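# Residue-level structural notes
Each chain, letter by letter, is given below.
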Amino acid sequence: MPQLDTSTFFSQAFWMLVCFVFLWLMLSFLVMPKLADIIEKRKRKINEYLQKAEQLNGRAKHSLDEYNKIIASTEKLITQQEEKDKVQIKKLLDNTENKTIKNLHNKLLKHTELLKKEKQGLLKQVENLSVQLAFDIVQKFGFSEITLQDVKNANTENNHNG
C-alpha cells in the first residue's frame, strides 16, 4: 500500500508542516485580526446603544419626576382650595341663607372639576410623551418597521390589561 511506504513519510510530513504553518500564518495575520476588529466594533456599537438607552432612561425618569411634582403640587392646590372653600362656606353659613350655601358648593364642584380636567390633560400629555419616547427608543435600537401607531396600540393594550 502506497500510504504505508516509509520512503514518502518525510515528504508527507514536510508538506503537512508547510501547509500547517501556511494556514496558521494566514489565520494569525489575516483572518483573526479582522474577526477581532469586527468583534471590537460590535462591542463599541452595543456600548453606544446602552449609553443612549441609559440617557433616554434618565430623561424618562426626569420626566416622571416632573410629572410627580406636578401631581403633588396639584393635589396640594386642591387641598388648599378645599380648605379655603370650607372656611368661606362656614362663614357664609353663619351669615347667609341656603341659597348662598348652594352657590358656594357649586363653585367648589366647578373648581374640582376644572382641576380634574387639568389633571387628565397632564396625564394625557405624559402618556403622549411616553409613547413618543418609547417610539424613539425603538427607532434607536433599529426597529424601523415599528411605527408610532404600533407603539400607541401597544400602550393602549397595556393600559387596558394593566
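A separate point is the overall build of the protein chain. On a plain count of helices and strands, the protein chain comes out with three helices and zero strands. Its helices and strands taken in sequence order, the protein chain reads α-α-α from the N to the C terminus. Computed over C-alpha atoms, the radius of gyration of the protein chain comes to 36 Å, more than 25% over the 15 Å expected from 2.2 N^0.38 for 162 residues, which places it beyond the range of a compact globule. Within the span of the protein chain, comprising 162 residues, buried residues form 9% of the whole. Considering only intrachain contacts with a sequence separation of at least 6, the fraction spanning at least 24 residues in the protein chain is 43%. Charge-centre separation for the protein chain: the mean point of 25 positive side chains lies 5 Å from the mean point of 20 negative side chains.

This next bit is on a positive patch on the surface. Among the surface-exposed residues, Lys 45, Lys 52, Arg 59 and Lys 140 lie close enough to one another that they form a single positively charged patch. Ranked by residue count, the leading element in the positive patch is helix α1 (residues 9-95), at three residues. For Lys 52, the location among the structural elements is in helix α1. Given the relative accessible area of 39%, Lys 52 is considered partly exposed.

Here the focus is the packing of helix α2 (residues 98-140) against helix α3 (residues 148-161). Running from amino to carboxyl end, α2 crosses α3 at an angle of 125 degrees, the nearest separation of the two axes being 9 Å. Judged on the interaxial angle alone, α3 and α2 are oblique. Once α2 is placed against α3, the crossing between them reads as right-handed. From α2, Glu 127, Val 131, Gln 132, Ala 134 and Phe 135 reach across to α3, where they touch Leu 148, Val 151, Lys 152, Asn 155 and Asn 159. Of the residues belonging to the contact of α2 with α3, the class tally is five nonpolar, three polar and two charged.

This part takes up α2. The end-to-end C-alpha distance of α2 is 62 Å, a good match for the 63 Å that 43 residues give at a rise of 1.5 Å each. Turning to α2, its buried residues number three or more, namely Leu 104, Leu 108, Leu 115, Leu 122, Val 131, Leu 133 and Phe 135. Tucked into the core, α2 has its buried residues touching α1 and α3. Two residues or fewer after α2 comes Gly 142, characterised by a positive phi angle close to 90 degrees.

For the pair α1 and α2, interaxial distance at closest approach is 11 Å and the crossing angle is 180 degrees. Here α1 lies roughly antiparallel to α2, going by the angle between them. Of the residues assigned to the contact of α1 with α2, the class counts are 19 nonpolar, two polar and four charged.

Turning next to α1. Taking 1.5 Å per residue as the helical rise, α1 with its 87 residues ought to reach 129 Å, and the 123 Å between its terminal C-alpha atoms agrees with that figure. Maximum bend of α1: about 40 degrees, positioned at Leu 27. When α1 is considered as a whole, its buried residues turn out to be Leu 56, Tyr 67, Ile 71, Thr 74, Asp 85 and Ile 89. In this structure, the buried side of α1 is in contact with α2.

Along the chain, Gln 149 turns up in helix α3. Note on Gln 149: relative accessible area 45%, which makes it partly exposed. Spatially, the C-alpha atom of Gln 149 lies 30 Å from that of Leu 114, the residues being 35 residues apart in sequence.

Rules used in this analysis
Residues numbered from 1 in each chain as written. Predicted model: local features only at pLDDT ≥ 70, side-chain atom pairs only at ≥ 80, totals over all residues. Heavy atoms only, no water. Helix = DSSP H or I, 4+ residues; strand = E, 2+ residues; numbered from the N terminus. Rg over C-alpha atoms; globule rule 2.2 N^0.38 Å. Buried < 20%, exposed > 50% of the residue type's maximum accessible area, 1.4 Å probe, protein only. Contact = heavy atoms within 4.5 Å. Lys, Arg positive; Asp, Glu negative; His and termini not counted. Charge placed at Lys NZ, Arg CZ, Asp CG, Glu CD. Patch = residues over 30% accessible without salt bridge, like charges linked within 9 Å, V, L, I, M, F, W, Y side chains within 5 Å. Areas by Shrake-Rupley, 256 points an atom, 1.4 Å probe, with all protein chains shown as cover. Salt bridge = Lys/Arg side-chain N within 4 Å of Asp/Glu carboxyl O. Axes fitted to C-alpha atoms, helices over the stretch in contact; angles between N-to-C directions. Parallel < 35°, antiparallel > 145°, perpendicular 65-115°, else oblique. Left-handed = near helix turned anticlockwise from the far one by under 90°. Nonpolar A, V, L, I, M, F, W, Y, C, P; charged D, E, K, R; others polar. Expected span 1.5 Å × (residues − 1). Bend = angle between axes of the 7 residues up to and from the residue.

Honestly, that's just the spatial picture; any functional story needs more than this.
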